[in-house]
Amino acid sequence: MKLKKNVAVSEAGLLFNPVTGESFSVNPIGTEILNLLREEKSDAEIEKEILSMYSTDKTSFEKDYHDFIGELSHHNLLEGHEKTKA
Amino acid sequence: MKKPKLNIGVTGLNAIDSPGPGVSVIRALREAASFDTKIIGFSYESLEPGIYMHDLVDRTYSIPYPTAGTDTLLERLEYIQEKEKLDVIIPNFDAELYPFIKLETKLKAMGIHMFLPTLHQFEERHKVNLNDFGKKYGIKVPKSKVLYDLSTVHSLLSEFSFPMIVKGKFYDASIAYSIEQVKTYFNKISAKWGLPIIIQEFIHGTEFNVTGLGDGKGKTIAAVPMRKQYITDKGKAWGGISIADEKMLEMTRKFLRNTKWRGGFELELMKNKDGDLYLLEINPRLPAWIYLAVGVGQNIPEALVNLAMGQTVKPFTEYSVGKMFVRYSWDMIVDREEFEQISIYGEL
């Protein structure tokens, strides 16, 4: 899973897609996940990192992570998850 | 090196809720790096706000509406030229472009330069001809049909589904959800802007605009795409952000390459959920949000003036992405004498 290179993520958690002009705000954990995606960490590495920092269980994380990735994909923010036709 | 001083006439001083581009164009000209300028405003009505913006507009003259004909306009421009020695005029309304294009040669002989589309380009891109335009240049456009009267209105049902857009030939558009609404909007819009009325397929999606400048030989001198972020009830952008959509830029370059467009323009685009881009309209002049282009590094009005003056203009190759414009309204306090001056004498 890779965040598109041109997507900007601010420290405050504002995500800007320069192709569509859309902006999204994410919470601090969302920002951390985005930064990990930016570092091209794998799903397993992200899970390990988040579980080590926050008191949450694996099942809850997986569900929330899956939803979050789904949202990013829905908004065309991930590499290889284009909705746009070639 | 001393910068030349150019006297530039600008229309579209109506910085109202559905704003003309004049005031934004003037702001851009005031910031031009290659010339200094004296701005002569051209107004149609006495309450156009630009008339009273004395830090932007040096002097204003009222000019006749396009319906008065080119002879009347020429007579007025001859009078203004005697006093102001204009170098360039930038017309900013669709409706006045036809007379200005017609007068281009005569104005040139008077020393006034313009950089406008040719009459052929102006007619070809007209929304009445959009279907043919799309076919000819391989650009996706929504299906549209021209209506001159309401006798054939029911035949629309076999060609279009609801909602459909009812558009005026110059301005105005409404979304109709029933034949009754089509009839209402037909009457309302044609009463204001005349016939024909254009019926257009409704494309669900997100609206984008591109403004730019073509050199008349197929080259793109400038192009800046923008996503509308705040849209008024009249469909005007009250806030927007510059974006980097290569598909939009390529469509713009294709439009300029194929049509050899001369002058400023605005493309109105719709992107549907599959990412397909539809060209809804080509406005043959600079848009009211043109100052965003200046803000992101492309002073398009300055480049247009230089092209009009016969200078070689280097194409812009970049702009800042993610810069926003946020429009606002502002109450000016105006002396009644100024209003009287422009209303009675047509000059201020």
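Residues numbered from 1 in each chain as written. Chains lettered and ligands numbered in written order. Predicted model: local features only at pLDDT ≥ 70, side-chain atom pairs only at ≥ 80, totals over all residues.

Focus: the overall build of chain A
Phase 1: Check the secondary structure of chain A and you find three helices and three strands.
Phase 2: The helix and strand sequence of chain A, counted from the amino end, reads β-β-β-α-α-α.
Phase 3: In terms of C-alpha radius of gyration, chain A reaches 13 Å, essentially the compact-globule figure of 12 Å for 86 residues.
Phase 4: Principal-axis analysis of the C-alpha atoms gives chain A an extent of 40 × 25 × 20 Å. (Helix = DSSP H or I, 4+ residues; strand = E, 2+ residues; numbered from the N terminus. Rg over C-alpha atoms; globule rule 2.2 N^0.38 Å.)

Quick look at the overall build of chain B
Phase 1: For chain B, the count of helices and strands is 12 helices and 14 strands.
Phase 2: For chain B, the C-alpha radius of gyration of 20 Å lies close to 20 Å, the compact-globule estimate for 348 residues.
Phase 3: In chain B, which comprises 348 residues, the proportion classed as buried is 45%.
Phase 4: Within chain B, contacts between residues separated by at least 24 positions form 66% of all contacts whose residues are at least 6 apart in sequence. (Buried ≥ 20, exposed ≤ 12 C-beta atoms within 10 Å, placed from the backbone. Contact = placed C-beta atoms within 7 Å.)

Structural notes on the interface of chain A and chain B
Accessible area lost when the parts come together is the quantity often used to give the size of an interface.
Phase 1: Taken together, the contacts link 10 residues of chain A with 10 residues of chain B.
Phase 2: Here the residues of the side of chain A that touches chain B are counted per class, giving four nonpolar, four polar and two charged. (Nonpolar A, V, L, I, M, F, W, Y, C, P; charged D, E, K, R; others polar.)

Re the packing of helix α2 (residues 43-53) of chain A against helix α3 (residues 58-74) of chain A
Residues and elements named next belong to chain A.
Phase 1: In the contact formed by α2 and α3, the axes pass within 11 Å of each other and the chain directions differ by 125°. When the interaxial angle is binned, α2 and α3 end up oblique. Regarding α2 and α3, the two cross each other, and that crossing is right-handed. Contact residues: Glu47, Ile50 and Leu51 in α2; Lys58, Phe61 and Tyr65 in α3.
Phase 2: For the contact of α2 with α3, the residue count by class is four nonpolar, no polar and two charged. (Axes fitted to C-alpha atoms, helices over the stretch in contact; angles between N-to-C directions. Parallel < 35°, antiparallel > 145°, perpendicular 65-115°, else oblique. Left-handed = near helix turned anticlockwise from the far one by under 90°.)

Thoughts on the nonpolar core
Residues and elements named next belong to chain B.
Phase 1: Within the largest apolar cluster, 82 residues are counted, with the highest numbers of intra-cluster contacts made by Ile8, Val88, Met114, Ala222, Ile290 and Leu304.
Phase 2: Residue contributions to this core peak at six residues, all from helix α11 (residues 300-308).
Phase 3: The residues touching valine 88, leaving out its near neighbours within four places in the chain, are Leu6, Ile8, Ile112, His113, Met114, Val305, Ala308 and Met309. (Core = buried A, V, L, I, M, F, W, Y, C linked by C-beta atoms within 7 Å.)

Some remarks on the confidence of the model for chain B
Phase 1: Here chain B averages 93 in pLDDT, while 100% of its residues score no lower than 70.
Phase 2: Interface predicted TM-score (ipTM) for the complex: 0.75; the corresponding pTM is 0.88. (pLDDT = per-residue confidence, 0-100.)

So, the domain arrangement of chain B
Phase 1: Domain parsing of chain B yields domain 1 (5-115 + 331-345) and domain 2 (143-201).
Phase 2: The C-alpha-based centres of domain 1 of chain B and domain 2 of chain B are spaced at 33 Å. (Domains from an automatic or database assignment.)

What to know about the packing of helix α1 (residues 22-30) of chain B against α11 of chain B
Residue and element names in this part refer to chain B.
Phase 1: One can describe the packing of α1 onto α11 by two numbers: an axis separation of 7 Å at closest approach and a directional angle of 75°. Classed by the angle they form, the pair α1 and α11 counts as roughly perpendicular. Contacts between α1 and α11 pair Val25, Ala28 and Leu29 from the former with Pro301, Glu302 and Val305 from the latter.

Looking at the sheet that holds strand β4 (residues 88-90) of chain B
Residues and elements named next belong to chain B.
Phase 1: Taken in spatial order, the four strands of this open sheet run β3-β2-β1-β4, and their pairing is parallel. In the strand order of this sheet, the two ends are held by β3 (59-62) and β4, each with one partner. The average undirected angle you get between the axes of adjacent strands in this sheet is 25°.
Phase 2: Bridge analysis of strand β1 (residues 5-10) against β4 gives three bridges, and the strand direction is parallel. Its bridge partner lying in β4, isoleucine 8 is registered against valine 88. (Pairing = 2+ DSSP bridges.)

Examining unusual backbone geometry
Phase 1: Across the junction of phenylalanine 162 of chain B and proline 163 of chain B, the peptide omega takes the value -5°, indicating a cis bond.
Phase 2: With respect to the helices, strands and loops of the structure, proline 163 of chain B is situated in the loop between α7 (156-159) and β6 (164-167).
Phase 3: If you check the backbone angles, glutamate 40 of chain A has positive phi at about 60° while not being a glycine.
Phase 4: Looking at glutamate 40 of chain A, the number of C-beta atoms within 10 Å reads 11, which means it is exposed.
Phase 5: Even without glycine at this site, lysine 85 of chain B takes up a positive phi of about 50°.
Phase 6: Here lysine 85 of chain B lies in the loop between α2 (70-84) and β4.
Phase 7: A count of 13 C-beta atoms within 10 Å places lysine 85 of chain B in the partly exposed class.

Considering α2 of chain B
All names here are of chain B.
Phase 1: In this model, α2 (15 residues) spans 20 Å end to end at C-alpha, consistent with the 21 Å of a helix rising 1.5 Å per residue.
Phase 2: What α2 keeps buried is the set Leu73, Leu77 and Ile80. The buried residues of α2 occupy an angular sector of 60° when projected down its axis, which confines them to one face. Seen from the buried face of α2, the exposed residues on the opposite side, beyond 90 degrees, are Asp71, Glu78 and Glu82.
Phase 3: Positive backbone phi, approximately 50°, marks lysine 85, located one or two places after α2. (Expected span 1.5 Å × (residues − 1). Arc of directions from axis to C-beta.)

Overview of the pairing of strand β10 (residues 220-231) of chain B
Residues and elements named next belong to chain B.
Phase 1: Burial within β10 is extensive, with nine of its 12 residues counted as buried.
Phase 2: Inspection of the sheet shows strand β9 (residues 206-215) paired to β10 by seven bridges, in the antiparallel sense. By the bridge assignment for β10, leucine 213 is matched with alanine 222.
Phase 3: Between β9 and β10, which pair antiparallel one after the other, the connecting turn spans four residues, and glycine 216 there sits at a positive phi close to 90°.
Phase 4: As paired elements, β10 and strand β11 (residues 237-242) share five bridges and run antiparallel to each other. Paired with arginine 227 across the bridge in β11 is isoleucine 241.
Phase 5: The hairpin turn running from β10 into β11, its antiparallel successor, is five residues long, and glycine 235 in that turn takes a positive phi close to 80°.

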